[in-house]
Amino acid sequence: MNLFDVYPLQDVTIVKAKGSYVWDDKGEQYLDLYGGHAVISIGHTHPHWVQRVEDQLEKLAFYSNSVKLPIQQELATKLGKISGKEDYQLFLCNSGAEANENALKLASFHNGRKKIIAFSKAFHGRTSLAVAVTDNKAYTAPVNETDNVTFLPFNDEAALEAEFKKHGAEISSVIIEGIQGVGGINVASDAFLKLIRALCDKHGAVYIADSVQCGYGRSGKFFSHDFAGVNADIYTMAKGMGNGFPVAGLIITPAIAAKYFQLGTTFGGNPLACAAALAVLETIEEEKLMGNAVMIGKYLRDELAKIPGIKNVRGRGLMIGFDVSEKLKDLRKNLLTEQKIFTGEAKPNVIRLLPSLGLKKRDAESLIEAIQEEVARLEETPAAAQEA
């Protein structure tokens, strides 16, 4: 049997990882500034994370949610404290798509409505309802298509107000990433998020803050939506929540009451997942990783902006994107093959940086030096040679 071929793969086989580094099967070391799509939040195989998971594995790896699992409440208490959302409620699941799926469904249960507002270049997952609010036709099968979703331009206040004026009584929810990840590191303006909050309040809609990629301290605040100074009704989380262990969740305003059997999960909130998630929160707090994300992120954005051919450097904390000129279209490939540095991309010609929140200054400096070297090389290379 062969694997179902759904991803174009880099010709690299990773066999070991530590901190911000990974090693392939030939012993080659790579600097990892992508973290498997923003998953590695506290560093690969962080010793506290490893110990937390190992200790839990020796006690209880899994039992169903039909019994009390005290570690779930331990996680909820810690998450409330660090996120500043102590009066919210936690529902645990397995992936970002599942978190968004449940958030959209819960909003519809709450107000009995069907219409959803999403935004251009949004990515919210690949399950049925999550992909319906994802603005990429390549991901949406005919069975996912629905008339209940309206896509509006990102950060367009006039378009948002007009949609609410026209359909306000029918809108169930607005779902928005505080910083779009797959869409190319596009930052939602504070004014736009405040307007979403005001319009949802006025019309009885639910504000869903997709924090799957831009949450968990990556922006320098726990949720990137916090920069706007407003609270969402539901925050969805995954990616960096477990530092590589599959775990996700949504935290829900106390104004939305829980009812039996509306939501459910088999594997969500299992003891191993909770142990991994607790280790992440404990490390973020102990090592002051949100502050590190602010400091190192600012250094990277400032230095990237000085490099010729690199344009529109953007993002917050350690969620950074920048455009490259056509002559530098091979920069990401060369960073991997020549400099042994993993980065991410978004089409067209966007490079994304999503490293561990514990990224050290010397590693950030190594990236800048590597980019400078590759930019100089590509600027000197004739276009015909690049095409070849």
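Residues numbered from 1 in each chain as written. Predicted model: local features only at pLDDT ≥ 70, side-chain atom pairs only at ≥ 80, totals over all residues. Heavy atoms only, no water.

Peer 1: How would you explain the nonpolar core if you had to name every residue and give the values?
Peer 2: F119, L160, I196, L300 and I371 are the most contacted members of the largest nonpolar core, which has 79 residues in total. It is helix 8 (residues 271-286) that contributes the most residues to this core, 11 residues altogether. When near neighbours in sequence (up to four residues on either side) are disregarded, L160 contacts I117, F119, L152, F192, L195, I196 and L199. (Core = buried A, V, L, I, M, F, W, Y, C linked by side-chain atoms within 4.5 Å. Buried < 20%, exposed > 50% of the residue type's maximum accessible area, 1.4 Å probe, protein only. Helix = DSSP H or I, 4+ residues; strand = E, 2+ residues; numbered from the N terminus. Contact = heavy atoms within 4.5 Å.)

Peer 1: Before we move on, could you go through unusual backbone geometry and cite the residues and values that matter?
Peer 2: Cis geometry marks the peptide bond from K347 to P348; its omega dihedral reads -15 degrees. By the secondary structure assignment, P348 is in the loop between strand 16 (344-346) and strand 17 (350-353). At K340, a position not held by glycine, the phi torsion is positive, near 60 degrees. Among the secondary structure elements, K340 is positioned in the loop between helix 10 (331-337) and strand 15 (341-342). One non-glycine residue, N349, lies in positive phi territory at about 60 degrees. Within the secondary structure, N349 sits in the loop between strand 16 and strand 17.

Peer 1: Tell me what's going on with the environment of G309, and back it up with residues and numbers.
Peer 2: Within the fold, G309 resides in the loop between helix 9 (289-304) and strand 13 (310-316). The partly exposed category is assigned to G309, whose relative accessible area is 24%. Filtering out sequence-adjacent residues up to four positions away, G309 remains in contact with D323, V324, S325 and L328.

Peer 1: Lay out the environment of C200 in plain terms, naming residues and giving numbers.
Peer 2: Mapped onto the fold, C200 is located in helix 7 (residues 190-203). Along the sequence, C200 and S172 sit 28 residues apart, while their C-alpha atoms lie 9.0 Å from each other. When residues no more than four places from it in sequence are discounted, the contact partners of C200 are F164, V174, A205, V206 and Y207.

Peer 1: Describe in detail the packing of helix 6 (residues 157-167) against helix 7, supporting the description with residues and values.
Peer 2: If you want to describe how two helices pack, look at the angle between their axes and the distance between the axes. Two elements in contact, helix 6 and helix 7, have axes whose closest approach is 10 Å; the angle formed by their N-to-C orientations is 5 degrees. For the element pair helix 6 / helix 7, the angle class is roughly parallel. In contact with E157, L160, E161 and F164 of helix 6, helix 7 contributes A191, F192, L195, I196, L199, C200 and H203. For the contact of helix 6 with helix 7, the class distribution of residues is 8 nonpolar, 1 polar and 2 charged. (Axes fitted to C-alpha atoms, helices over the stretch in contact; angles between N-to-C directions. Parallel < 35°, antiparallel > 145°, perpendicular 65-115°, else oblique. Nonpolar A, V, L, I, M, F, W, Y, C, P; charged D, E, K, R; others polar.)

Peer 1: For the pairing of strand 2 (residues 21-24), give the residues involved together with the corresponding values.
Peer 2: Of the strand pairs in this sheet, strand 1 (residues 14-18) and strand 2 are connected by 4 bridges, and their pairing is antiparallel. Bridging from a neighbouring strand, A17 pairs with V22 of strand 2. Hairpin connection, strand 1 to strand 2: the antiparallel pair is bridged by 2 residues, and G19 has positive phi, about 60 degrees. Pairing of strand 2 with strand 3 (residues 29-32) involves 3 bridges; the strand directions are antiparallel. Bridge pairing in strand 3 links Y21 to L31. In textbook terms, the turn of a hairpin is the stretch between consecutive antiparallel strands, and for strand 2 and strand 3 this stretch comprises 4 residues, one of which, G27, has a positive phi near 90 degrees. (Pairing = 2+ DSSP bridges.)

Peer 1: Before we move on, can you summarise helix 2 (residues 47-59) with the specific residues and values?
Peer 2: Each turn of an α-helix holds 3.6 residues, which means side chains three or four residues apart point in the same direction. Here helix 2 is 13 residues long and its end C-alpha atoms lie 19 Å apart, about the 18 Å a rise of 1.5 Å per residue gives. For helix 2, the set of buried residues is W49, V53 and Q56. Axial view of helix 2: buried residues confined to an arc of 65 degrees, hence all on one face. Turned more than 90 degrees off the buried face of helix 2, the exposed positions are P47, E58 and K59. The elements touched by buried residues of helix 2 are helix 3 (70-83) and helix 8. (Expected span 1.5 Å × (residues − 1). Arc of directions from axis to C-beta.)

Peer 1: Which residues make up the packing of helix 3 against helix 8, and what values do they have?
Peer 2: Relative orientation of the contacting elements helix 3 and helix 8 amounts to 25 degrees, with a least axis distance of 9 Å. For the element pair helix 3 / helix 8, the angle class is roughly parallel. Crossing handedness for the pair helix 3 and helix 8: left-handed. Of helix 8, the residues touching helix 3 (which contributes I71, Q72, E74, L75, K78, L79, K81 and I82) are P271, C274, A275, A277, L278, L281, E282 and E285. The residue makeup of the contact of helix 3 with helix 8, split by class, is 10 nonpolar, 1 polar and 5 charged. (Left-handed = near helix turned anticlockwise from the far one by under 90°.)

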